[in-house]
Amino acid sequence: MSESAYQFPHRRYNPLRRQWILVSPHRTQRPWQGEVNPSSGFSGVHYDPACYLCPGNERAGGLFTPRYESVFIFDNDYAALLPDSPAPQAEGMPNLLRAEQERGRCRVLCFHPDHSLTVAVMDEPDILRVVDAWVEQYKELAAAPSIRHVQIFENRGAMMGASNPHPHCQIWATEHVPDEPAIETESLKAYQAEQGSCLLCDYLKTETSEKRRIVCENDEFLVVVPWWAVWPFETLVLAKQHVGSMAEFSDVQRAELANILKQTTTRYDNLFETSFPYTMGFHQTPCDGEEHREWHFHAHYYPPLLRSATVRKFMVGFEMLGMPQRDITAESAAERLRAVSAVHFTRR
């Protein structure tokens, strides 16, 4: 189908979630009179005495963050999950009012002691130390008998609800596989049963062949704006080899993951010359004791910015009640991200 055919309303299928997305490219011409957010600027503060993630500062309950020099990991002082959470009452409850025990752990991983940094402006050796820490955390938490899934994610920027600008991420280990990775697991299993191959391996071949949605790549990873993207500049980071989790990574793959994360976030920042907000997370093999040959390691970036550093997309109305919808095509978004410099605008 020609590119012009995609300039009219149509819908696209997401095989990972088995979900349709409405694409309405003509809506990019509509005037904007809605909310305008402040631009996400960079902090010039290397140490903030009021920041509980900066070295040597006090945290909740009288605890102190040590004077760390690289990566620092601790159990979240306000954890959403507890390792000894009791089972809720089930006896005598109506069938439609169902609850289950959910034990788990929540950890915070500080990327660097420098308060002013983001992944986009960190040096690759420092990002590699973060990757190494992710691998060890995944292995440790996945080995716990009560844990079936480990979710590593980063909320970047106040627009995405980040409560602290210090460079950090969270790691939640849960007793059950959460909905999103559970949906992907079923989709990957179904595709493997029907086609006899890996869904994301086949998708990788498709994107490599078509090239229009590729943003950047290195020897081990490919970054695309997926065919089915919902967020304006959403990207999907795909391992080029069929590996299920970062626990299987070689030293080369760890280094290349650090490189591709820096490439991706740099292009995001350069698009509107701002500290680009996003939610990013890795999806990898569940640790539920089953063999998951269908799983293929990948990461999702969900950034909200739409037209500029101050105008964001809202997921409301038809998107909450009907189906997801986007204005610019995935091809157009990829072209814009691909066209910007690979060197951060603050370093040029």
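Not measured: the values here are computed from a predicted model.

Visitor: Before we go on, may I ask you to explain the overall build of the protein in this structure?
Guide: Within the protein one finds six helices and 12 strands. Taken against the 2.2 N^0.38 rule, which gives 20 Å for 348 residues, the C-alpha radius of gyration of the protein at 21 Å falls within 12% of a compact globule. For the protein, the proportion of contacts with a sequence separation of at least 24, taken over those separated by at least 6, is 70%. Here the protein displays about 16,500 Å² of accessible surface, and carbon together with sulfur accounts for 53% of that area.

Visitor: For this particular structure, what's the right way to read the sheet that holds strand β9 (residues 235–239)?
Guide: Remark on secondary structure: sheet strands pair via backbone hydrogen bonds, oriented parallel or antiparallel. Strand order in the open sheet made by the nine strands is β3-β4-β6-β5-β10-β11-β9-β8-β7, with antiparallel pairing throughout. The open sheet has two edge strands, β3 (72–75) and β7 (214–217), and neither has a second partner. Within the sheet, the average angular offset between the axes of one strand and its neighbour, ignoring direction, is 20°. Along the sheet, helix α1 (residues 124–142) contacts β3, β4 (104–110), β5 (149–156), β6 (168–174) and β10 (278–283); its crossing angle with β4, the most-contacted strand, is approximately 170°. Across the sheet, helix α6 (residues 330–339) is in contact with β7 and β9; its angle to β7 comes to roughly 40°.

Visitor: Whenever I open this one, the nonpolar core confuses me. Can you help?
Guide: Nonpolar side chains in soluble globular proteins tend to be buried together. Judged by nonpolar contacts, the single largest core of 57 residues is most densely connected at Trp 134, Val 150, Phe 233, Met 246, Leu 257, Phe 282 and Phe 297. Examining the composition of this core, we find that nine residues originate from one element, α1, more than from any other. Core analysis: the second largest hydrophobic core is formed by 18 residues, Leu 204, Ile 214, Val 224 and Leu 238 among them.

Visitor: How should I be thinking about the sheet that holds strand β12 (residues 325–326) in this particular structure?
Guide: Taken in spatial order, the three strands of this open sheet run β1-β2-β12, and their pairing is mixed. Single-partner strands in this sheet number two, and they are β1 (10–14) and β12. Sheet analysis places strand β2 (residues 19–23) next to β12, joined by two bridges and oriented parallel. Bridge pairing in β12 places Val 23 opposite Arg 326.

Visitor: Help me out: how do you make sense of α1 in this one?
Guide: For an α-helix, 3.6 residues make a turn, and residues three or four places apart therefore share a direction. Between the first and last C-alpha of α1 there are 27 Å, a value that for 19 residues agrees with the 27 Å anticipated at 1.5 Å per step. Those residues of α1 that sit buried are Asp 126, Ile 127, Val 130, Val 131, Ala 133, Trp 134, Val 135, Gln 137, Tyr 138, Leu 141 and Ala 142. Looking at the packing, one finds that the buried side of α1 touches β3, β4, β5, β6, α4 (251–272) and β10.

Visitor: Looking at this structure, I do not really get the packing of aromatic side chains. What am I missing?
Guide: Two descriptors summarise a pair of aromatic rings, namely the distance from one centre to the other and the angle between the planes of the rings. Summed over all chains, the structure comprises 17 aromatic pairs. Centroid distance Phe 249 to Phe 297: 5.0 Å. Interplanar angle 75°. Geometry classified as edge-to-face. Pair noted here: Phe 249 is in the loop between β9 and α4 and Phe 297 is in the loop between β10 and β11 (298–302), with a separation of 48 residues, a long-range link. Under the relative-accessibility criterion, Phe 249 is labelled buried at 7%. Taken together, the aromatic side chains of Phe 111, Trp 134, Phe 221, Phe 249, Phe 282 and Phe 297 make up a single cluster linked through ring pairs. Between the NZ or CZ atom of Arg 59 and the centre of the ring of Phe 74, over which it lies, the distance is 4.0 Å.

Visitor: Teacher, can you tell me more about the pairing of β2 here?
Guide: Each regular strand displays side chains that alternate between the two surfaces of the sheet. In this structure, β1 lies alongside β2, joined through five bridges in antiparallel fashion. Bridge pairing in β2 places His 10 opposite Val 23.

Visitor: Looking at this structure, how should I read unusual backbone geometry?
Guide: Phi angles above zero are rare outside glycine, and Arg 18 is one such case at about 50°. With respect to the element layout, Arg 18 can be found in the loop between β1 and β2. Notably, Lys 211 is not glycine yet its phi reads approximately 70°, a positive angle. Topologically, Lys 211 is positioned in the loop between α3 (199–210) and β7.

Visitor: Could you clarify how one ought to interpret the pattern of salt bridges in this entry?
Guide: Oppositely charged side chains are able to pair whenever their charged atoms sit close together. Per the stated rule, a full pass over the model turns up 20 salt bridges. A salt bridge links Arg 59 to Asp 77; the nearest nitrogen and oxygen atoms lie 2.8 Å apart. Highlighted residues: Arg 59 in the loop between β2 and β3 and Asp 77 in the loop between β3 and β4, separated in sequence by 18 residues. The buried category is assigned to Arg 59, whose relative accessible area is 10%. The partly exposed category is assigned to Asp 77, whose relative accessible area is 27%. Close ionic contact of Arg 293 with Glu 291 constitutes a salt bridge, the shortest N to O distance being 2.9 Å. When salt bridges with common partners are traced through the structure, they connect Arg 12, Glu 207, Glu 210, Arg 212, Arg 213 and Glu 331 into a single cluster.

Conventions and cut-offs
Residues numbered from 1 in each chain as written. Predicted model: local features only at pLDDT ≥ 70, side-chain atom pairs only at ≥ 80, totals over all residues. Heavy atoms only, no water. Helix = DSSP H or I, 4+ residues; strand = E, 2+ residues; numbered from the N terminus. Rg over C-alpha atoms; globule rule 2.2 N^0.38 Å. Contact = heavy atoms within 4.5 Å. Areas by Shrake-Rupley, 256 points an atom, 1.4 Å probe, with all protein chains shown as cover. Pairing = 2+ DSSP bridges. Axes fitted to C-alpha atoms, helices over the stretch in contact; angles between N-to-C directions. Core = buried A, V, L, I, M, F, W, Y, C linked by side-chain atoms within 4.5 Å. Buried < 20%, exposed > 50% of the residue type's maximum accessible area, 1.4 Å probe, protein only. Expected span 1.5 Å × (residues − 1). Phe/Tyr/Trp six-rings, centres within 6.5 Å; stacked < 30°, edge-to-face > 60°. Lys NZ or Arg CZ within 6 Å of the ring centre and 35° of its normal. Salt bridge = Lys/Arg side-chain N within 4 Å of Asp/Glu carboxyl O.

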